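# Breakdown of the fold
Below, each chain spelled out in residue letters.
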Amino acid sequence: MKLNSKPTRRSFVSALAALGAAILSPRKLFAAASRGPARPADAKLSGFGASGNVYEELGLTTVINGQGTMTVLGGSLMRPEVEAAMALASQHFCSIPELEVAAGKRIAEMLKLPPGYTGLVTSGAAAAMQSGLAGILTGDNEQFIQQLPDLTGMKSEVIIQKSHRNGFDHQLRSTGVKLIEIETVADLRRAVNPKTAMMHFSNFANAAGQIKVDEWLKLSKECKIPCFNDAAADTPPVSHLWDYANMGYDLIAFSGGKAIRGPQCAGLLIGRKDLAAYALLNNSPHEDTLGRSQKVGKEEIIGMIKALESYLKEDHDALTKEWWRRLDSISAEMSRAPGVSTSFSVPDVANHVPHLEIHWDPRHISLEPREAAHQLRAGKPSIVLASNESGLIMNSFMLQPGEEKVIAERLVQLFRAHSA
Ligand SMILES: *Cc1c(COP(=O)(O)O)cnc(C)c1O
């Protein structure tokens, strides 16, 4: 089994400790599990950071993350080698626009992108959306770049399916465009006009919309309008990093700080070289641009390359097996709580990783799912799982070694405490 980082004696010991502690108190269990694998950044600090947990020093509670790559929880945990590459990046000065172009070239080679495509490291997928669209609107016209979000002289509409509107509308609207909502192909054809700048697709909403990812592309080619795919959280599978470029999407956005485990404040805009260049012109470090507030540092650019290299080399099958093993072990423990049952699922897109659903018979256990999630969050250790009307839902890809045992133990305790 190949884990994310090289197993070290310390992580082995802490995994063993977690194993042995299964019958101990949750507090001790947490202490064992929260140490996690050794990292280069475990450098001894004096003053702030001396305890090894900078968050606790600030009075925060760190959580066991059974919900996945949520930006609000900090996304993912960066790979140790990414930290090391970022530390190297911080040792020298260089031209950021030149670095961006060189990084894009390296990324295109690593991902074997089709001819004419490159990558641009942004401060996140949301920034990739805003600067990608800004570039489509302005091209390399300096006056237009300065003028945004005043669209005088530019196109001004973006077409989007109603079911694809989500929390990231703002990154499109910030350029000044109006979102034109459609539902059917006929709506789309009616909506297209000389003001149409782009057709936007939210990859995770593929099933929800009437027009699917391949047809959206086909229609955009037919209408000669650039099309964008927001695939921020849509790795795994790793192939998505090149699939949509190979299909012909003009621009695609990914988060660097989700499953790729790159810098939290990094993202990738993959796309046509001309459009990527225009996006960069609308982005930091260029001043008096819309994207100047989305600064991406030399450390993030370098870290993103390293993260992609590691992500590509990873044994994805072994990783998936490990994610299943963790959920299986939690599911097995649930038999110790009468009235509790479990089921498994894997979403088609976005967080395409194994999920465990935990249900219980309200005649045996009187506890609302939301209240269960709340109690897990408020407990010690603090555990974050999602809930819906029928129970709790979790995934295991952001868990640290041994945390699955802590979760199982805590769930059994919780259900026993509320059993009739
Ligand atoms: C996370 C996410 C984003 C934003 O990504 P950042 O890298 O945090 O900027 C955009 N769209 C979708 C669908 C996402 O899941």
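Just so you know, these numbers come straight off a predicted model, no measurement behind them. (Residues numbered from 1 in each chain as written. Predicted model: local features only at pLDDT ≥ 70, side-chain atom pairs only at ≥ 80, totals over all residues. Heavy atoms only, no water.)

Assigned secondary structure in the chain consists of 16 helices and 13 strands. Within the chain, the proportion of its 420 residues that are buried is 52%. As presented, the chain carries roughly 19,500 Å² of accessible surface, and 55% of it is formed by carbon and sulfur atoms. (Helix = DSSP H or I, 4+ residues; strand = E, 2+ residues; numbered from the N terminus. Buried < 20%, exposed > 50% of the residue type's maximum accessible area, 1.4 Å probe, protein only. Areas by Shrake-Rupley, 256 points an atom, 1.4 Å probe, with all protein chains shown as cover.)

Close to the ligand lie T71, G124, A125, A126, F168, F204, D230, A232, A233, S255 and K258. T71 is positioned such that a nitrogen or oxygen atom in its side chain is 3.4 Å from an oxygen atom of the ligand. At 2.8 Å, a side-chain N or O of D230 approaches a nitrogen atom of the ligand. Considering the ligand on its own, with 380 Å² of exposed area, one finds that the protein chains cover 83% of that surface. By residue class, the composition of the shell around the ligand is 6 nonpolar, 3 polar and 2 charged. (Near = heavy atom within 4 Å. Polar contact = N/O pair within 3.5 Å; in protein donor to acceptor, adjacent residues only side chain to side chain. Nonpolar A, V, L, I, M, F, W, Y, C, P; charged D, E, K, R; others polar.)

Here 7 strands make up an open sheet; going across it, the order is β2-β8-β7-β6-β5-β3-β4 and the pairing mixed. Edge positions in the sheet fall to β2 (117-122) and β4 (178-182), since each of these pairs with one other strand and no more. Taken over all neighbouring pairs, the strand axes of this sheet differ in orientation by 25° on average, direction set aside. Pairing geometry for strand β3 (residues 157-161) and β4, over 5 bridges, is parallel. When the bridges of β4 are listed, V158 appears paired with L179. Across the face of the sheet, helix α5 (residues 96-111) comes into contact with β2 and β8 (267-272) while running at roughly 125° to β2. (Pairing = 2+ DSSP bridges. Axes fitted to C-alpha atoms, helices over the stretch in contact; angles between N-to-C directions. Contact = heavy atoms within 4.5 Å.)

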